[in-house]
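A structural walkthrough
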Amino acid sequence: MRRIGIIGFGAIGAEVASRLGQGIAGPVELVVLLRPGSSRRAAVPACVTVVDSPRQLLALRPHLVVEAAGHAALREHAVLCLEAGVPVVASSIGALADEALRARLEKAAREGGAPLLLPGGAVTGQDYLEAVRHLPDTRVTYISRKPPAAWQDQLAARGIAPEALKEPLELFAGTASEAARRYPKNLNVAATLALAGLGMEQTAVRVIVDPAACGNTHEVTVEGPAGRMTLSLVNAAAPANPKTAWVTGLSVAAAVARHFAAVRVA
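Residues numbered from 1 in each chain as written. Predicted model: local features only at pLDDT ≥ 70, side-chain atom pairs only at ≥ 80, totals over all residues. Heavy atoms only, no water.

Looking now at the pattern of salt bridges. As a working rule, side chains carrying opposite charge can pair if their charged atoms are close by. All told, the structure shown has nine salt bridges when counted by the stated rule. For Asp-52, the salt bridge is made with Arg-41, and the minimal N-O distance between the two is 2.2 Å. Of this pair, Asp-52 sits in the loop between strand E3 (49–51) and helix H2 (54–59) while Arg-41 is found in the loop between strand E2 (28–33) and E3, placing the two residues eleven residues apart along the sequence. Owing to a relative accessible area of 37%, Asp-52 belongs among the partly exposed residues under this scheme. Between Arg-182 and Glu-178 there is a salt bridge whose closest N-O contact spans 2.6 Å. Here Arg-182 and its partner Glu-178 are both found in helix H7 (residues 176–182), four residues apart, which amounts to about one turn of the helix. By relative accessible area, which is 45% here, Arg-182 ends up partly exposed. A network of salt bridges, in which partner residues are shared, links Arg-139, Glu-223 and Arg-228. (Salt bridge = Lys/Arg side-chain N within 4 Å of Asp/Glu carboxyl O. Helix = DSSP H or I, 4+ residues; strand = E, 2+ residues; numbered from the N terminus. Buried < 20%, exposed > 50% of the residue type's maximum accessible area, 1.4 Å probe, protein only.)

The following block contains the structure:
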């Protein structure tokens, strides 16, 4: 039986646990890492072991660890797991906009002989980006289009009440690197596309606040010698957290299952 660790038990961690509990990766034993006193402990099923520290988790010799607790958790725990030879599936990919952290994780993965796995999360098309990334004159543009409720703090900083916005407003235009640093909780998708494709500085990002948006919309355009690809996705919110796309947890769980599968669809 495979032992799988999950760091965090919010919307993503709980979704991953639920899917794995349904057997998509075969028989598993789950271990959840939570801070002492975390309010999420009450949500963890009784059949799941809960530990307080990454060293306790690693002492149980997991076959793989899922990070599902945000950028700080990836920075704090992933290096230790990778150095111990344990593969890590990361949900907080936006943290990799930090070049120093990315270098530490790559070094730990090489030395530990364990991969850092980056699932698609709320977007797709990474296989195409990986295929064309080295062709000259390839361009990638990502547009995030969300309703005003997703950007209340940013709108307030501009003196705009969300309910008063009647037309689309461009909140940001720049590189994926800058976008991920400026909006770490909102633009993991930008980092995911950049890391699969041209890189953080070469991927163009626009953030649109749109009162007509019916959900979190992701628009991706790739143009170059190989042709043109356009994608548009509208993601439903996770039942347990309206700020998280439901498909993110599903994607992380699928990445775990794919890692253990005898036949893998890349």
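Here the focus is the packing of helix H3 (residues 71–83) against helix H4 (residues 99–112). At a minimum axis separation of 7 Å, H3 and H4 run at an interaxial angle of 20°. With respect to their mutual orientation, H3 and H4 come out roughly parallel. The crossing of H3 and H4 is left-handed. In this structure, H3 contributes Arg-75, Ala-78, Val-79, Leu-82 and Glu-83 to the contact, and H4 contributes Leu-101, Arg-104, Leu-105, Ala-108, Ala-109 and Gly-112. In terms of residue class, the contact of H3 with H4 is made up of seven nonpolar, one polar and three charged. (Axes fitted to C-alpha atoms, helices over the stretch in contact; angles between N-to-C directions. Parallel < 35°, antiparallel > 145°, perpendicular 65-115°, else oblique. Left-handed = near helix turned anticlockwise from the far one by under 90°. Contact = heavy atoms within 4.5 Å. Nonpolar A, V, L, I, M, F, W, Y, C, P; charged D, E, K, R; others polar.)

Evaluated as defined, the whole model comprises two aromatic pairs. Here Trp-151 and Tyr-183 contribute two aromatic rings whose centre-to-centre distance is 5.1 Å and whose plane-to-plane angle is 75°, an arrangement assigned as edge-to-face. Taken together, the positions of Trp-151 in the loop between strand E7 (139–146) and helix H6 (152–157) and Tyr-183 in the loop between H7 and helix H8 (188–196) put the pair 32 residues apart, joining distant regions of the chain. Taking the centre distance of 6.0 Å and the plane angle of 90° together, the rings of Phe-172 and Tyr-183 count as edge-to-face. On the criterion of sequence distance, the pair formed by Phe-172 in strand E8 (residues 169–175) and Tyr-183 in the loop between H7 and H8 is long-range, its members being eleven residues apart. Residues Phe-172 and Tyr-183 agree in their burial class; the two are buried. Feature note: the residues Trp-151, Phe-172 and Tyr-183 constitute an aromatic cluster, connected by ring pairs. (Phe/Tyr/Trp six-rings, centres within 6.5 Å; stacked < 30°, edge-to-face > 60°.)

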